[in-house]
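Fold and contact review
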2 protein chains.
Amino acid sequence: MTTPWAQRYALRTHSMAGSTIRELLKLTQRPDIISFAGGLPAPELLPIDQVKAASDTVLSELGQQALQYSTTEGYPPLREQIVQHMARYGIKVGLDNVLITSGSQQALDLIGKLLINPGDSILTENPTYLGALQAFTAYQAQYVTVPIDDNGLQVGLLEAALRTGPKFMYILPNFQNPAGVTLSVTRRYDLIALAEQYGIPIIEDDPYGQLRYEGEHIKPLVTLDAEYLGCDTHGGYTGNVIYTSTFSKTLAPGLRLGWIVAPEDVIGKLVMMKQGTDLNTSTFDQMVAYEASRDGFIDKHVHTIREVYHHRRDVMLASFEEYFPPEVHWTHPEGGLFLWVTVPESIDTAELLKDALQQKVAFVPGHSFHPNGGGTNTMRLNFSNAGDDMIREGIRRMSVAIKQRLHSTA
Amino acid sequence: MTTPWAQRYALRTHSMAGSTIRELLKLTQRPDIISFAGGLPAPELLPIDQVKAASDTVLSELGQQALQYSTTEGYPPLREQIVQHMARYGIKVGLDNVLITSGSQQALDLIGKLLINPGDSILTENPTYLGALQAFTAYQAQYVTVPIDDNGLQVGLLEAALRTGPKFMYILPNFQNPAGVTLSVTRRYDLIALAEQYGIPIIEDDPYGQLRYEGEHIKPLVTLDAEYLGCDTHGGYTGNVIYTSTFSKTLAPGLRLGWIVAPEDVIGKLVMMKQGTDLNTSTFDQMVAYEASRDGFIDKHVHTIREVYHHRRDVMLASFEEYFPPEVHWTHPEGGLFLWVTVPESIDTAELLKDALQQKVAFVPGHSFHPNGGGTNTMRLNFSNAGDDMIREGIRRMSVAIKQRLHSTA
């Protein structure tokens, strides 16, 4: 038999356009390319010595446990650490509100598995995180989108979209991927009120919340929701928000560790889903992460990360000012990993990428972050993964490609 | 808001009866219970020192890589190791035929995600692995089953089931979970011929293939299929089988590492599915497993595991002979981790479990391994996780519970 499986057997063919990032990640492995395409932490900041000491401790003291199967819910001390972390974010939750996941990408997959039936509509910001679209589209979701501006989701435009009956809202309130914008506190209050009014839950994806470089911390939606509904007084959260975050930006993405905070009955069902998905997240990695991040290490480490990324963001913004022609515009994120650049509508950034690659520089064209199309003149640039000189040189190279396109389309 | 989510929002409610094993795994944590319920490797055989040395090497030499995101396909040296391993199993595959998964449970999830549309029918052995039912049922699968006997799937009864048009066949040929039986070589040839004839692919789940304690190794279905179709000569497999196995039984389940071998176009689509599911399997764990298992360590280690489990199987079989009343019957597996016990039909093993727990011993009632019901007088016992004295004492306790039931139902 030589017939391809796709012809011979009915493989599910729901559109999975999201191979863009994957193909681009392959480009980042070419040493001559300066890549702003990924969302990778700075490699030189990865806490190798701390993880090494933690691995040794875990294997010496609890080796039999670390190498064995474990409960689907996650390693209890790590879950307790999340409970403490969430308390600092202003919400009192119990152990039964916490599930450890294999990165927050798995959180999105499990949420999709729990909530999405084929054809269900999901409300997202436009643009939104490509990985969420990949997770939800695998369950045959449709999308209804609401545009963002410099203050995040345009909540004033939300009600019309809510009336179409989406299954849930998927929101990135802090330093959004891809656009870098942050949802204002006023809009957060409006958003949680509308969730309650329409009975439509919110998935709050917060991978970058701890990476703020300027401005004041804004409470997460899950905290505001608990306050609004008065449901945090019992030590267990029962509101409208499923919150997810990750160790990937604060400790190390290679360990694939994230978490979900949600009402206890939702966690119970997600545990059942996770059991069929991977039984449990790596016991070893969970125990190593717990051991590595305790005793205040993660706070000190996040402080270092903030300083470095803050500086790199400023270097990239200054390079935009220096090199980009006046027709180019960009966001000014207060944190996170990404800048969002808009070029004149005459330029298709998917085409621009080809020119940029000839100049040995890469980014992600913005189109793929738009669930229902559009955004062909936008692009996402990551500033966490490259040093100052690389950032300046990369932006200089991009400016060459942009100016070429401007002239050829003028 | 205090309404539970399940009432307020339409959570997907496809039956997930499989909480049985999870609840039982919780029982195994009670120190006074002798548990034959899990499928856990012997903790004293877990290669702690080897993993510790490997972790140190990986973090010292390749720390930045180990803690970073990595490609969805898996760590190339580990994939190459799988290519070599499969070659020893008689099938020549290329790197593009191999995908690393977060345990073989994730392999089943990804296969379900790729192949199952709601309402699709899956052909399984009866009984079959509960975790596969959990993985497939999450995609709203139905089941058509074919009974097994001491030589595995009754292939003579297969055609009638194939004519009902299942999406794929899910088969555990070696030391099946739960029943411990092995598919004979004659039946394997018949099975792959029928797969080709009916155009219905086979998912071959082979977690225990290396754990054979007596008899001759039988080639896996994927190898026989490649030989039958003559498609292994090009160094890339293009046949009807998706093969999956795991490091959980040969190295350590706590690392959550498995793999899939399949035609290249199937791997390509599974990679897209995996990207939306967890981006990549723990980079650190993949590199540690590669480092720990190289230079022949895993072969030596598997040799040790075989000796210990062989002995424990014999101890449990001897204990059955010594303690169980003549009305009780059981399988004689040539490998793996499980024995399958049948009691008179008057006894419901779910009820028996309650008596057994009073006697401080646990097993898994067989009913939950039957996709469409039945098997209420069967049960699965694991022999890998307890030492000799515990096995003997546990079976003695079980015999007390069984004899009580026999007398009360007589």
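The model shown is predicted, which means the values in this text are computed figures rather than measured ones.

Analysis parameters
- Residues numbered from 1 in each chain as written.
- Chains lettered and ligands numbered in written order.
- Predicted model: local features only at pLDDT ≥ 70, side-chain atom pairs only at ≥ 80, totals over all residues.
- Helix = DSSP H or I, 4+ residues; strand = E, 2+ residues; numbered from the N terminus.
- Buried ≥ 20, exposed ≤ 12 C-beta atoms within 10 Å, placed from the backbone.
- Contact = placed C-beta atoms within 7 Å.
- Domains from an automatic or database assignment.
- Right-handed = clockwise from strand over helix to strand, strands pointing away.
- Pairing = 2+ DSSP bridges.
- Axes fitted to C-alpha atoms, helices over the stretch in contact; angles between N-to-C directions.
- Parallel < 35°, antiparallel > 145°, perpendicular 65-115°, else oblique.
- Left-handed = near helix turned anticlockwise from the far one by under 90°.
- Nonpolar A, V, L, I, M, F, W, Y, C, P; charged D, E, K, R; others polar.
- Least-squares fit on C-alpha atoms with pLDDT ≥ 70 in both.
- Core = buried A, V, L, I, M, F, W, Y, C linked by C-beta atoms within 7 Å.

Across its full length, chain A carries 14 helices and 14 strands. Dimensions of chain A along its principal axes, counting C-alpha atoms only, are 60 × 60 × 50 Å. Within chain A, the fraction of its 410 residues that count as buried is 54%. Long-range contacts, defined here as pairs at least 24 residues apart, represent 75% of the contacts in chain A between residues at least 6 apart.

All names here are of chain A. As assigned here, chain A comprises domain 1 (5–47 + 299–409) and domain 2 (69–295). Relative to domain 2, the C-alpha centre of domain 1 lies at a distance of 25 Å. Taken together, the contact between domain 1 and domain 2 spans 33 residues of the former and 34 residues of the latter. Sorting the residues of the side of domain 1 that touches domain 2 by element identifies helix H12 (297–323) and strand S11 (338–342) as the ones contributing at least two each. The greatest single-element share of the side of domain 1 that touches domain 2, amounting to 7 residues, is contributed by H12.

Another point: the pairing of strand S7 (residues 202–205) of chain B. All names here are of chain B. In S7, alternate side chains face the same way, and those of Ile-202 and Glu-204 on one face and Ile-203 and Asp-205 on the other are all buried. Each parallel crossover has a hand, and for strand S6 (residues 168–171) linked through helix H8 (residues 185–198) to S7 it is right-handed. Pairing geometry for S7 and strand S8 (residues 241–246), over 4 bridges, is parallel. Residue pairing in the sheet places Ile-202 in a bridge with Val-241 of S8.

Another point: helix H11 (residues 283–293) of chain A. The α-helix winds at 3.6 residues per turn, so residues separated by three or four positions along the chain end up facing the same way. Where burial is concerned, most of H11(A) is hidden: 11 out of the 11 residues are buried. Phi turns positive one or two residues past the end of H11(A), at Asp295(A), with a value near 55°.

Before going further, it helps to spend a moment on the packing of helix H5 (residues 103–115) of chain A against helix H10 (residues 264–278) of chain A. Between two packed helices, both the angle of their axes relative to each other and the distance between the axes serve to describe the pair. Residues and elements named next belong to chain A. Remark: H5 packs on H10, axes separated minimally by 9 Å, with the N-to-C direction vectors making an angle of 110°. Our classification of the angle between H5 and H10 gives roughly perpendicular. With respect to the hand of their crossing, H5 and H10 are arranged in right-handed fashion. Residue-level contacts link Leu-110, Lys-113 and Leu-114 of H5 to Lys-269, Leu-270, Met-273, Lys-274 and Thr-277 of H10. Per-class residue counts for the contact of H5 with H10 are 4 nonpolar, 1 polar and 3 charged.

Residues and elements named next belong to chain A. Spatial ordering of the open sheet is given by S10-S11-S14-S13, a layout of 4 strands whose pairing is antiparallel. The sheet is open, and its two borders are formed by strand S10 (329–330) and strand S13 (364–365), each paired with just one other strand. Bridging between S10 and S11 involves 2 bridges; their strand directions are antiparallel. Among the inter-strand pairings, His-329 is bridged to a residue of S11, identified as Thr-342.

Across a sheet, paired strands are connected by hydrogen bonds in the backbone, their directions being either parallel or antiparallel. Residues and elements named next belong to chain A. One open sheet accounts for 8 strands, arranged S2-S9-S8-S7-S6-S3-S4-S5; its pairing is mixed. Single-partner strands in this sheet number two, and they are strand S2 (98–101) and strand S5 (152–153). In the sheet, strand S8 (residues 241–246) pairs with strand S9 (residues 258–261) via 4 bridges, with the strands oriented antiparallel. Bridged to Ser-245 within S9 is Trp-259. Against the sheet, helix H4 (residues 76–88) makes contact with S2 and S9, and its axis sits at roughly 115° relative to S2, the strand it touches most.

Relative to chain B, chain A is turned by 180° and slid 0.0 Å along the rotation axis, the superposed coordinates differing by an RMSD of 0.0 Å. The superposition of one copy onto the other is thereby described by a two-fold rotation axis. When you check the interface residues of chain A against chain B, 100% turn up at the interface there too, and the contact is symmetric in its surfaces.

Listed by partner, the interface residues are 71 residues for chain A and 71 residues for chain B. Elements with a contribution of two residues or more to the side of chain A that touches chain B: helix H1 (5–8), helix H2 (19–27), helix H3 (48–66), H5, helix H6 (130–137), H10 and H11 of chain A. Per-class residue counts for the side of chain A that touches chain B are 33 nonpolar, 25 polar and 13 charged.

All right, on to unusual backbone geometry then. The linkage connecting Asn126(A) with the following residue, Pro127(A), adopts the cis geometry, with an omega of 5°. Mapped onto the fold, Pro127(A) is located in the loop between strand S3 (121–126) and H6. With an omega dihedral of 20°, the bond running from Asn177(A) to Pro178(A) counts as a cis peptide bond. The phi dihedral of Asp295(B) falls on the positive side, at around 55°, and the residue is not glycine. Here Asp295(B) is to be found in the loop between helix H11 (283–293) and helix H12 (297–323). Residue Asp295(B) is classed as exposed on the basis of its 9 C-beta neighbours within 10 Å. For Lys360(B), which is not glycine, the phi torsion reads 65° and is therefore positive. Residue position: Lys360(B) is located in the loop between helix H13 (349–358) and strand S12 (361–362).

Our next topic: the nonpolar core. Soluble, globular proteins show a tendency: their nonpolar side chains are buried together. Ile260(A), Val261(A), Ile260(B) and Val261(B) are the most contacted members of the largest nonpolar core, which has 228 residues in total. If we skip the residues at most four places from it in the chain, Ile260(B) touches Leu99(B), Thr101(B), Ala107(B), Ile242(B), Tyr243(B), Thr244(B), Ile267(B) and Leu270(B).

On to the environment of Tyr170(B), then. For Tyr170(B), the position within the fold is in strand S6. Sequence separation between Tyr170(B) and Asp205(B) is 35 residues; the distance between their C-alpha atoms is 7.4 Å.

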